[in-house]
Amino acid sequence: MIELRNVSFSAYDEETSQNNYILKEINLNIYKREFVVILGKNGSGKSTLVKHFNGVLIPTSGDVVADGINTKDEDKFCEIRQKIGMVFQNPDNQIVSSVVEEDVAFGLENLGIPRREMVSLVDNALKCVGMYDFKKSSPNMLSGGQKQRIAIAGVLAMNPECIVFDEPTSMLDPEGRKEVVDTIQNLKKGNGTTIVLITHNIEEIFCADRVIIMDSGRIVSEVTPYEILLDKNYMRMLGLKATQSIDLFYKLAGRGINLPFLTADEDKCADMIVEFLEEKKCR
Ligand SMILES: Nc1ncnc2c1ncn2[C@@H]1O[C@H](COP(=O)(O)OP(=O)(O)OP(=O)(O)O)[C@@H](O)[C@H]1O
Ligand SMILES: [Mg+2]
C-alpha cells in the first residue's frame, strides 16, 4: 500500500544554521488492511515520517510510492491525498465549517462530487463514527472527542485506502479518548481500511498488527504490542506510562501470582483475578 525506499529528509535548523537530517534512510512497507502503530520519543521523527505518506513532505532523497503513485509525481497530488487521509492532534484546527455536515463534505466539494452522491457519502461517514444525529449541529458545540470523530468522518467520506492518525487522542479527556479509540477500532473491524496510528498512549497499541519504533530519525525496531508490554524497560525507554492493570500484573507476578495474560483493560484484569481466586477456593 505504502512503500518507502531509502527515504531521507533534511530541513534547515535555525539553531545550528544548517541542514539537518530528520529522517535517515528509512525503508518501510505498510500493507493493505494492516494496523500499524508508530512509537518513539518526542522529536524522533514520527510526524515527519507520516507526512511523507501522502506527499505533504517530499523526500530529500529516496522515494515514497503510495498505491502505485510516486509522491514526487505532481500531477497525482490530489489522487494521493484522497487515497491517504490524515487526522491530527488538535480537533479545532481541523474544523473548517460552522455546520457538521458541511464540514464533513468539505473534501468532497473540492473533488467536485455531485451533490446527491455527496449527501449520501457524508451521511454514511457520519453514521460510521456515530455522529449522524449531530449533522445539523455546529462543531463549536461539540466535545473534543466528538470534534475528532467529525474530523475522522471528513476523511472517511473521501473513501480513503488508508488513514493516518497522528496522536489523535493526545488533546482529549479520558471520555473523548475512549470515543476516538473505539471509532478507530471499529474502522479496523469494519471496512478494512489500512490504519497507521502514532501514539504515546499504551492503551492504544493493543489493536496493532505491528509496532514500529523510531529513534533519531530511524526505524530502530519492529515488534508486536505484546513484546512491548512484556518489557518494562522498553516501556520506560519509549516514555509509555503503564496503566494500573499493567502495574498490577507485574506486582502480582512479583508475589508469585501469574495472571494468564497481560492486559491494559481493567475489567478484563478484574475478571482474571476473580477467576484466579475462585480456582483457589475450589481447591
Ligand atoms: N519543518 C521543519 N524544519 C526543521 N526542523 C523540523 C521540521 N519539522 C520537524 N523538525 C525537527 O525534526 C525532528 C522530528 O520532528 P517530528 O515532529 O517529526 O517528531 P515527532 O516524533 O513527531 O515528535 P512528537 O512526539 O513531539 O510529536 C524534531 O527535532 C523537530 O524539531
Ligand atoms: Mg509528532
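Calculation rules
- Residues numbered from 1 in each chain as written.
- Chains lettered and ligands numbered in written order.
- Predicted model: local features only at pLDDT ≥ 70, side-chain atom pairs only at ≥ 80, totals over all residues.
- Helix = DSSP H or I, 4+ residues; strand = E, 2+ residues; numbered from the N terminus.
- Buried ≥ 20, exposed ≤ 12 C-beta atoms within 10 Å, placed from the backbone.
- Domains from an automatic or database assignment.
- Contact = placed C-beta atoms within 7 Å.
- Nonpolar A, V, L, I, M, F, W, Y, C, P; charged D, E, K, R; others polar.
- pLDDT = per-residue confidence, 0-100.

### Observations concerning unusual backbone geometry
Stage number 1. The phi dihedral of D67 falls on the positive side, at around 50°, and the residue is not glycine.
Stage number 2. Counting through the fold element by element, D67 comes out in the loop between β4 (61-66) and β5 (69-70).
Stage number 3. Judged by local crowding, D67 falls into the partly exposed class, with 16 C-beta atoms found within 10 Å.
Stage number 4. The backbone phi angle of S216 is positive, close to 45°, even though this residue is not glycine.
Stage number 5. Take S216: it is sitting in the loop between β9 (210-215) and β10 (218-223).
Stage number 6. Residue class for S216 comes out partly exposed when judged on the 14 C-beta atoms lying within 10 Å of it.

### A few points about the domain arrangement of the protein chain
Stage number 1. Per the domain assignment, the segments making up the protein chain are domain 1 (2-240) and domain 2 (242-283).
Stage number 2. Here domain 1 and domain 2 have C-alpha centroids that lie 34 Å from each other.
Stage number 3. Facing the seven residues of domain 1 at the interface are six residues of domain 2.
Stage number 4. Its residues assigned to classes, the side of domain 1 that touches domain 2 comprises five nonpolar, no polar and two charged.

### Section: the confidence of the model for the protein chain
Stage number 1. Confidence in the prediction of the protein chain, expressed as mean pLDDT, is 90, and 100% of residues score 70 or more.
Stage number 2. The lowest-confidence element of the protein chain is helix α9 (residues 232-237), averaging 80 in pLDDT; the highest-confidence one is helix α1 (residues 46-50), averaging 97.

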